[in-house]
Structures are given as C-alpha cells and as structure tokens.
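Remarks on the overall topology
As a plain string of letters, each chain reads:
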Amino acid sequence: MTAQDSSALARLAQSPDSDTGADDKSGTESAGLMARLGRLWDRERLPGVSDILPMFRARLTDVAANKLARNWCSVYCAADGKRRREMLTALSQVDAQLQPRGDGAVLFFKRLNALPDGLRFLVALRADMLRWRKQVAGLQALDKDLEGLLSAWFDVGLLELRPLTWDSPASLLEKLIIYEAVHEIRSWDDLRHRVAPDRRCYAYFHPQMPDVPLIFVEVAFDTKMADNVQTVLDTDAPEQDLDKARWAIFYSISNTQPGLRGISFGNFLLKRVIECLLDELPKLRNFATLSPIPGLVDWMSRLSAAEVEEIVREKGRTRSGAPDGARWVERLSKAATRKSSEVVQRAAMKLVVRYLTTMKNNQPLDPVARFHLGNGARIERINWAADTSPKGLGQSCGIMVNYLYDLDDLDANLEQLHQGKPRISRGIARIAS
C-alpha cells in the first residue's frame, strides 16, 4: 500500500457517504476523484485503496460508485493472475481497516451483483478468493462475506431443475462434456448415450445464469442395482425397457462452479430428481448410486502394516510380516484387473468399509460419502473391480460403492449419522465384523 493510499484511506474512511447529504464542496471533491480514477483506470493502472473506498462506502444507488465498480470489474477481468491477487489484497486491506468490518465488503459485493452479469462475475471472483485465501491476509474474512451472500442468492428455491436431452442446445450439451467430473465423456457418441431416451440427466440452473448448469446428475435404469460402471457407460449396451425398470441408478454427479463450493444446494438435487422420476416412471421402486471412493487410495497408503493387519485380520488368525497400506494399494490395483482370490477381495472390502465409516469432525472422511450420507442415504454394497479405468484404479483400486436412498428411512439415517454412526446395510455389517 502506498503512502498516498494510506492517507486516502484515513481521510475517506471518516468521510460521509457520497449521497447522504454531503455539502457541495464534498460533492465536487467526490466527482473529481471519480473522474481522476476513471482516467487512471483507462490507462490500466492497478486500482489502489483510494480507488476502492467509494465502492465500499457509497449507497447502492450512487451512480459514480457504480461506474467505478464496472471499471473495477473490467480491470479485474483483463488482469493476469498476479494482478488479480494484488487487487484482492487491496480489497482485504480496505475491508480490514473499515469499522465495523464486513459492512463495506457486503455493500461492495451487492454493488457488483447489481451490474449486468454481476452474479456470474462474483462466482468467478470467489473461485479466485478460494484459490488465494490462505496466501492473502484478510481474504478469508472477505470470502466468508461473499459465501453468505451467494448462499442467499443461490437458495434452492430460486433454482430451476431442468432435464437435459440430446435435443438440448449444443452449447449446453458441450458444457456437460467440459464439466463432467466423475466419468470423463470421451466423445459426442458417449454424450449421446448418457442423454439417450432410456437415460436421464437433470441440472440445476439459476435465472441469472441460464446457460450454465450449476450441478447435474446422470441417471441410468435397470432391473437390479448396478455394480459395474463399465457396463453402465457401455455405448453398445442395448436400450433399457423403462417399463421394466425398477432401479434408478445415479452414477455421476458433477458440480461445475468452484466459486460455489460450500453452498449446499446439491443436497436437494437428488430428492428433487427422485420426485421427477416417480412422476414420470411410477413403477420405479429403488434409488441408489454407483459412486466412486475418491479418497480411498490416499487413506490406505498412509496405513502402517499393524493398522492394516488390525482391519483385515480374520477372527482367530494372526500373521506376522503383513504388508503396509501402500503395498496393499499396489496389490489391490493389480488384482482388480485380473482374477483374484476371495481372500484378497475380502480384505479389500474390510479396508473399504473401515474407510467409509471413518468420521472426522463428526463428518464422514470420504467426500462422496459425506455428500450421500449427509442426504440420508445408507452404505448398501461394496463392488469389487467396478471401475478399472486409470482414474478408478488410481483413486480406489477399482472399487465402487452403492449408496441406497430409501425414502422412508432418510431422516432416521441422517439422525444416526449426527450421532457419529453412518447407517450401513446388513451386508456391510457382516463385512465389518
């Protein structure tokens, strides 16, 4: 921060708002400042403290401050990463020195939201804030302010659930390819298969961002609970007869906006989708996921040999010289792609169940388990060699899990989770014993 900026901060932090009855002299000085800042920004000088303060202080109806906000957004959008970080640093410095802290920041973010396409800009801005919040002093406080506003602006009651089909606009379908985060969409044929008449894809949209799916879920149908994602994704598989389908399988859920991390509209998605599916296909009886276990390999790799042995040991049997978790990862990844013994598979299942039921800070350790168990689902079944793609082997040794959404038990399951005990099926309980 320059000496001139420090002086401006001290002066302007004590000055009245620009439209709250200031005298003519103050109005003239304010107009002069706005004109000077406009000229500086036209020359692409990085906005400093004196540039920012009016946007933190003036009312939302202040024309000059709103023009500054538009210019600030233009400068930010055109800046590289280094300059954006410097601009966020300046925001944090202004916010930290104004009292009470946070009021000015909330006013600033509301001012940006009122601009054309302002909400989209704020979502992208928060993604940058999340990226640098541990490196820029004061940025975490700003992030909390913006997160609170975005939580209100993206309230689930404001969102629209829309089905996506092959007849949807190509620009929208292309976003599914870009944002798919679970199972890569490898081609347009692959995409066509995922939105075919015997599949469903639903997404949440915000009225101010109608061309961007915020989160989407892909659904397959079957006569039984799916246990292998290669089969689900097989583009040569015969078309399902939806009249005979009794299971809806949620096999991919993707958030598309990093800037909306921590804003929990996703936990309403599956319940809304289930309602839509039951209206369309009343013969459906069961709803389950076929889910990845993204943190399994990292967790297992940190286990000592003694910790692994404690988990996988059969009753009445002890062994010495057992491999540690890292060696088990290698063993299971190889076993998933070839014929493997029941002993190896049984040990793998025990490790997976221990991981999925491990809690940290009263939440499941695994992020996908945290999402589904937090929605009231239960851990239903572990599936061996269910995803032998490089990604599947790399994150979970090819193992996947079914979470069951029993509509009559969701609240009870959630209450049990809050007591620190994730709900599991009888089959999972037998594995754990």
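Everything numeric here is computed off the predicted structure, so don't read it as measured data.

The subject of this paragraph is unusual backbone geometry. Along the chain, Gln-99 connects to Pro-100 via a cis peptide bond; the corresponding omega equals -5 degrees. Looking at the element boundaries, Pro-100 is found in the loop between helix H5 (81-97) and helix H6 (103-113). Phi is positive for Asn-361, close to 55 degrees, though the residue is something other than glycine. Inspection of the secondary structure puts Asn-361 in the loop between strand E6 (359-360) and strand E7 (363-364). Under the relative-accessibility criterion, Asn-361 is labelled exposed at 67%.

Right, let's get into the nonpolar core. Grouped together as the largest cluster of nonpolar side chains are 103 residues, with contacts concentrated most on Trp-72 and Phe-154. With 9 residues, the single largest contributor to this core is helix H16 (residues 342-356). Dropping the residues within four chain positions of it, Phe-154 is found in contact with Leu-119, Val-123, Leu-159, His-206, Met-209, Leu-214, Leu-260, Ile-263 and Phe-265. Formed by 14 residues, the second largest nonpolar core is a distinct cluster that contains Leu-233, Trp-247, Ala-386 and Met-400.

A separate point is the packing of aromatic side chains. The tally for this structure, following the rule as stated, stands at 9 aromatic pairs. Ring geometry for Phe-250 versus Tyr-405: centroids 6.4 Å apart, planes at 85 degrees, classification edge-to-face. Placement of the pair is Phe-250 in strand E4 (residues 247-255) and Tyr-405 in the loop between strand E9 (400-404) and helix H19 (410-418), with a sequence separation of 155 residues. Looking at Phe-250, the relative accessible area reads 1%, which means it is buried. Taken together, the ring pairs in this structure connect Phe-56, Trp-72, Tyr-76, Phe-108, Phe-109 and Phe-121 into an aromatic cluster. The residue whose ring lies beneath Arg-331 is Trp-328, and the NZ or CZ to ring-centre distance is 4.6 Å.

The subject of this paragraph is the packing of helix H4 (residues 63-78) against H5. The contact between H4 and H5 brings their axes to 9 Å, and the two run at 145 degrees. Listed contacts from H5 to Trp-72, Val-75, Tyr-76 and Cys-77 of H4 are Arg-84, Met-87, Leu-88 and Leu-91.

With that settled, the discussion passes to helix H14 (residues 305-312). Considered for burial, the residues of H14 that qualify are Val-308, Glu-309, Ile-311 and Val-312. One side of H14 holds all its buried residues, which, seen down the axis, span an arc of 165 degrees. Tucked inside the fold, the buried residues of H14 contact helix H13 (296-301), helix H15 (325-335) and H16.

What follows deals with the pairing of E9. Taking burial as the measure, the 5 residues of E9 include 5 buried ones, the bulk of the element. Neither face of E9 is left uncovered, since the one carrying Met-400, Asn-402 and Leu-404 and the one carrying Val-401 and Tyr-403 both have all their residues buried. Two elements, strand E8 (residues 378-383) and E9, share 5 bridges in a ladder whose sense is antiparallel. Looking at E9, one finds that Ile-382 is bridged to Val-401.

On average, the protein scores 88 in pLDDT, and the residues at 70 or more come to 87%. Segment residues 1-30: pLDDT under 50, and 32 contacts once partners within four positions in sequence are set aside and those in other chains are kept.

The rules behind the values
- Residues numbered from 1 in each chain as written.
- Predicted model: local features only at pLDDT ≥ 70, side-chain atom pairs only at ≥ 80, totals over all residues.
- Heavy atoms only, no water.
- Helix = DSSP H or I, 4+ residues; strand = E, 2+ residues; numbered from the N terminus.
- Buried < 20%, exposed > 50% of the residue type's maximum accessible area, 1.4 Å probe, protein only.
- Core = buried A, V, L, I, M, F, W, Y, C linked by side-chain atoms within 4.5 Å.
- Contact = heavy atoms within 4.5 Å.
- Phe/Tyr/Trp six-rings, centres within 6.5 Å; stacked < 30°, edge-to-face > 60°.
- Lys NZ or Arg CZ within 6 Å of the ring centre and 35° of its normal.
- Axes fitted to C-alpha atoms, helices over the stretch in contact; angles between N-to-C directions.
- Arc of directions from axis to C-beta.
- Pairing = 2+ DSSP bridges.
- pLDDT = per-residue confidence, 0-100.

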